[in-house]
2 protein chains.
Amino acid sequence: MGEFDLIARYFTRPAARAVLGVGDDCALLQPTPGTQLAISSDMLVEGRHFFADVDPFSLGHKALAVNLSDLAACGATPLAFTLALALPRIDEPWLEAFSRGLLALADAHGCELVGGDTTQGPLNICITVFGEVPVVNGKSQALLRSGARAGDDIYVSGTLGDARLALEAMRGSINLPADLLAQARGRLERPTPRVALGQALRGVASAALDISDGLLGDLRHILKASGVGATLDTSIAIELIAARDHPACAKGLISLKNQLDYVLAGGDDYELAFTAPVSAREAVLAAERQAGTPVTRIGCIDAEPGLRLVDGSGQAVSNSYTSFDHFA
Amino acid sequence: MGEFDLIARYFTRPAARAVLGVGDDCALLQPTPGTQLAISSDMLVEGRHFFADVDPFSLGHKALAVNLSDLAACGATPLAFTLALALPRIDEPWLEAFSRGLLALADAHGCELVGGDTTQGPLNICITVFGEVPVVNGKSQALLRSGARAGDDIYVSGTLGDARLALEAMRGSINLPADLLAQARGRLERPTPRVALGQALRGVASAALDISDGLLGDLRHILKASGVGATLDTSIAIELIAARDHPACAKGLISLKNQLDYVLAGGDDYELAFTAPVSAREAVLAAERQAGTPVTRIGCIDAEPGLRLVDGSGQAVSNSYTSFDHFA
């Protein structure tokens, strides 16, 4: 099987919304009048973003999910994506499962594979994703990192820390029963991009991003871009790993210190962190219901720069958490 | 230096035409009304697309050039691109030169770096490029592979075979004097994407693509997509490496067999191959002048399927050339 057969067999479908899909020098998209195009690109490398033995269906899912998560953070509606793939060799069962995982998630979001590249090399998956954001009365509805204002509430979607929990168990640094590991591992290997929530937050949230490197580290990007500070309540944060209900926590398998560490600086969560004015609390609840994705209010934006952690009684908690850096 | 410093230092500039550039979850582009968006993605891997010791300025140039070449083949006007980069380590002099080569070519084409990703891993460069194609009276002006018709002329731009000449000399399979090697190597390592020619051929060419895997192999994509055949005159083809004038040929350093092999199946040329009706010959000449890029008529499209080679007197020449396949 050569390069072109591979593309034809696993990665070519008739163009649906695209004017022209896989198979020419370029793909062609016809932008919807009155919209902006949102673009994001993520590269996944073996040993860095996934283990060599990860099941290829999950890997196909995750490679697209982390990109859709960027569209979600921007409030964009997914349209299409390109896939560039370096493979050590042609392994048909692997390609079959990888493409199934990839295209199942793509179909679930109406996001069309329109082009890309395949080559031989160390396993590397690079996806670039395209979405649309409406422009209303001349104003882009895109959610940016720069819109947070002092007094805004800070929210996160879903739960945090599960991916890190799985990672630590797979590394052997903590012990988890098989059923709990499988549950956490599902969150690590098949994250859910919060696409519907992102769209529901257009015109509601003042700033947003997706949490890929850990809540505290990523939140700093909003603070920096918006020129503000923040105070987070760690007693609420700790509930984000469902500390009181999560079996692994309830059974005392994870220390409180580790729980906090996983929630605040775990990474690979692909939840949304966003801010919204206090006046928008009802609208945030409506967005939560509309998207079917739980959100939790975890703190507030301050005029004073810096990121402060407090416990349930308002006492300062020291912040020595560091976020993930690919070159640290 | 961490991931974010690296991006800030080498790959961040203020957005020019883009609504939002590097630094948020997504970049934002505002499409021009009445245009379609052309998208292409190429991944370059060390040892496969370039030698480990290639100078990083040239590599930055080439990584974008091969993508711009796809836009050229489509007749698109370059707009913007994303860069995803896996690096074994942070090597500042390398990054400085790589980004200079990349951004110099980007500036020359008004093509803006709007986002991407950096991670640690075996060296891998994945660029996705965006361009615009006008829609005139409801008809897209994009040049596709599928528009060739029996009777059309076949053309190629510039010269072919120089990149392969350099590759063979660098592999030691032929000997070239240093000055001739430097000249050929420039074509291999810093190819010229034929962007102006592609745009000038909108409404003139019936089909087009860029030659990356070798003329004969790539031309077959046009024949297959258009449901036609072709006859090529190898006596003209051989002039494309300037056989009579090229010093390496004139000095007898390259056998006629090798000359034909390099021109017809050399690869890495990044010239355009295109077809146009006989009635458009004057318009092709005008496009050639407008773009300042020489084009040569090398054959014609036939209704009969298959690709036939003939010599200057019309006698059949056997065709045993194979094009490059990353997994062959």
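Keep in mind it's a predicted model, so treat the numbers as computed, not measured.

**Focus: the overall build of chain A**
Piece 1. Per the secondary structure count, chain A includes 11 helices and 13 strands.
Piece 2. In terms of overall dimensions, chain A is globule-like: its C-alpha atoms have a radius of gyration of 20 Å, near the 20 Å expected for 328 residues.
Piece 3. Its C-alpha atoms put chain A at 65 × 55 × 35 Å along the principal axes.
Piece 4. Taking all 328 residues of chain A together, the buried fraction comes to 59%.
Piece 5. Considering only contacts in chain A between residues 6 or more positions apart, those separated by 24 or more positions represent 84%.
Piece 6. Total accessible area on chain A stands at roughly 12500 Å², and carbon and sulfur atoms take up 52% of it.
Piece 7. In chain A, 26 positive and 38 negative side-chain charges are present, and the distance between their average locations comes to 4 Å.

**Here's the deal with the side chain of N67(B)**
All names here are of chain B.
Piece 1. Within the secondary structure, N67 is located in helix α2 (residues 56-74).
Piece 2. With relative accessibility at 0%, the residue N67 sits in the buried group.
Piece 3. N67 has contacts with S40, S41, D42, I127 and V129, leaving out every residue within four places of it along the chain.

**Re the UniProt feature "binding site: Mg(2+) 4" (unreviewed entry) in chain A**
Piece 1. When the UniProt feature table is mapped onto this chain, "binding site: Mg(2+) 4" (unreviewed entry) is found at D25(A), S40(A) and D70(A). Spanning 46 residues, the named residues are also spread out in space, since their farthest C-alpha pair is 26.3 Å apart.
Piece 2. Tracing the backbone through its elements, the reader meets D25(A) in the loop between α1 (3-11) and β1 (27-29).
Piece 3. Look past the residues within four positions of D25(A) in its chain and what remains in contact with it is I39(B), S40(B), D70(B), A73(B), R145(B), A208(B), L209(B) and D210(B).
Piece 4. Relative to the elements of secondary structure, D70(A) occurs in helix α2 (residues 56-74).

**A look at the UniProt feature "binding site: substrate" (unreviewed entry) in chain A**
Piece 1. UniProt annotation of "binding site: substrate" (unreviewed entry) refers to H49(A), D268(A) and F324(A) when read in the numbering used here.
Piece 2. Tracing the sequence through the fold places H49(A) in the loop between β2 (35-45) and α2.

**A few points about the interface of chain B and chain A**
Piece 1. Counting from both sides, the interface comprises 64 residues of chain B and, opposite them, 64 residues of chain A.
Piece 2. Taken together, the two surfaces of chain B and chain A that pack against each other cover about 5100 Å², and 60% of this comes from carbon and sulfur.
Piece 3. Between the two partners, chain B and chain A, sit 4 salt bridges.
Piece 4. Of all the secondary structure elements, the ones that give two or more residues to the side of chain B that touches chain A are α1 (3-11), β1 (27-29), β2 (35-45), α2, β3 (77-87), β4 (112-120), β5 (124-136) and β8 (207-211) of chain B.
Piece 5. Considering every element that reaches the side of chain B that touches chain A, the biggest residue donor is β2(B), with 10 residues.
Piece 6. Class assignment of the residues belonging to the side of chain B that touches chain A gives a composition of 34 nonpolar, 19 polar and 11 charged.
Piece 7. Where β1(A) meets β2(B), 3 bridges bridge the pair, whose relative direction is antiparallel. Paired with L29(A) across the two strands is L37(B), which belongs to β2(B).

**Brief notes about the confidence of the model for chain A**
Close inspection of predicted coordinates is inappropriate for parts of the model with low pLDDT.
Piece 1. Mean pLDDT over chain A: 89, with 94% of residues reaching 70 or higher.
Piece 2. Within chain A, the element-level pLDDT minimum falls on helix α9 (residues 247-250) of chain A, averaging 63, and the maximum on helix α6 (residues 195-200) of chain A, averaging 98.

**Digging into the domain arrangement of chain A**
Residue and element names in this part refer to chain A.
Piece 1. Here chain A is described as being made up of domain 1 (3-140) and domain 2 (153-317).
Piece 2. Centre-to-centre, using C-alpha coordinates, domain 1 lies 26 Å away from domain 2.
Piece 3. Taken together, the contact between domain 1 and domain 2 spans 20 residues of the former and 18 residues of the latter.
Piece 4. In total, about 1600 Å² of surface goes out of reach between domain 1 and domain 2, with carbon and sulfur atoms giving 62% of it.

**Overview of the packing of α2(B) against helix α3 (residues 92-108) of chain B**
Residue and element names in this part refer to chain B.
Piece 1. Where α2 contacts α3, the axes come no closer than 6 Å and their chain directions differ by 35°. Crossing of α2 against α3: the hand is right-handed. Residues P56, F57, L59, G60, H61, L64, A65 and L68 of α2 pack against W94, A97, F98, R100, G101, L102, L105 and A106 of α3.
Piece 2. Among the residues making up the contact of α2 with α3, the classes are represented as 12 nonpolar, 3 polar and 1 charged.

**Thoughts on the relation of the copies chain B and chain A**
Piece 1. Mapping chain B onto chain A is achieved by rotating through 180° and translating by 0.0 Å along the same axis, at an RMSD of 0.0 Å. The transformation just described matches what one would write down for a two-fold rotation axis.
Piece 2. The share of interface residues of chain B whose copies in chain A are also at the interface is 100%, consistent with both copies meeting through the same surface.

**Here we look at the sheet that holds strand β13 (residues 316-317) of chain A**
Residues and elements named next belong to chain A.
Piece 1. Read from one edge to the other, the open sheet built from 7 strands follows the order β8-β10-β7-β11-β9-β12-β13, with strand pairing classed as mixed. The open sheet is flanked by β8 (207-211) and β13, the only strands paired with a single partner.
Piece 2. Where strand β7 (residues 153-157) lies against strand β10 (residues 271-276), 4 bridges are found, and the strand directions are antiparallel. Note that in β10 the partner of V156 across the bridge is A273.

**A closer look at unusual backbone geometry**
Residue and element names in this part refer to chain A.
Piece 1. Even without a glycine there, the phi angle at Y270 is positive, about 55°.
Piece 2. In this structure, Y270 sits in the loop between α10 (256-265) and β10.
Piece 3. Judged by relative accessible area, which is 9%, Y270 ranks as buried.

**A word on the pattern of salt bridges**
Piece 1. Per the stated rule, a full pass over the model turns up 30 salt bridges over all chains.
Piece 2. With its nearest N and O atoms 3.9 Å apart, the salt bridge here joins R308(A) to E304(A).
Piece 3. According to the relative accessible area criterion, E304(A) is exposed, its value standing at 52%.
Piece 4. Put simply, R100(B) and E96(B) hold a salt bridge, and the shortest N to O gap is 3.0 Å. Placement of the pair is R100(B) and E96(B) together in helix α3, with a separation of 4 residues, close to one helical turn.
Piece 5. A residue is classified by how much of its surface remains accessible, and R100(B), at 44% relative accessible area, is partly exposed.
Piece 6. A residue is classified by how much of its surface remains accessible, and E96(B), at 34% relative accessible area, is partly exposed.

Scoring rules and cut-offs
Residues numbered from 1 in each chain as written. Chains lettered and ligands numbered in written order. Predicted model: local features only at pLDDT ≥ 70, side-chain atom pairs only at ≥ 80, totals over all residues. Heavy atoms only, no water. Helix = DSSP H or I, 4+ residues; strand = E, 2+ residues; numbered from the N terminus. Rg over C-alpha atoms; globule rule 2.2 N^0.38 Å. Buried < 20%, exposed > 50% of the residue type's maximum accessible area, 1.4 Å probe, protein only. Contact = heavy atoms within 4.5 Å. Areas by Shrake-Rupley, 256 points an atom, 1.4 Å probe, with all protein chains shown as cover. Lys, Arg positive; Asp, Glu negative; His and termini not counted. Charge placed at Lys NZ, Arg CZ, Asp CG, Glu CD. UniProt positions renumbered as here; feature names shortened; annotations may be inferred. Buried area = accessible area lost by both parts, 1.4 Å probe. Salt bridge = Lys/Arg side-chain N within 4 Å of Asp/Glu carboxyl O. Nonpolar A, V, L, I, M, F, W, Y, C, P; charged D, E, K, R; others polar. Pairing = 2+ DSSP bridges. pLDDT = per-residue confidence, 0-100. Domains from an automatic or database assignment. Axes fitted to C-alpha atoms, helices over the stretch in contact; angles between N-to-C directions. Left-handed = near helix turned anticlockwise from the far one by under 90°. Least-squares fit on C-alpha atoms with pLDDT ≥ 70 in both.

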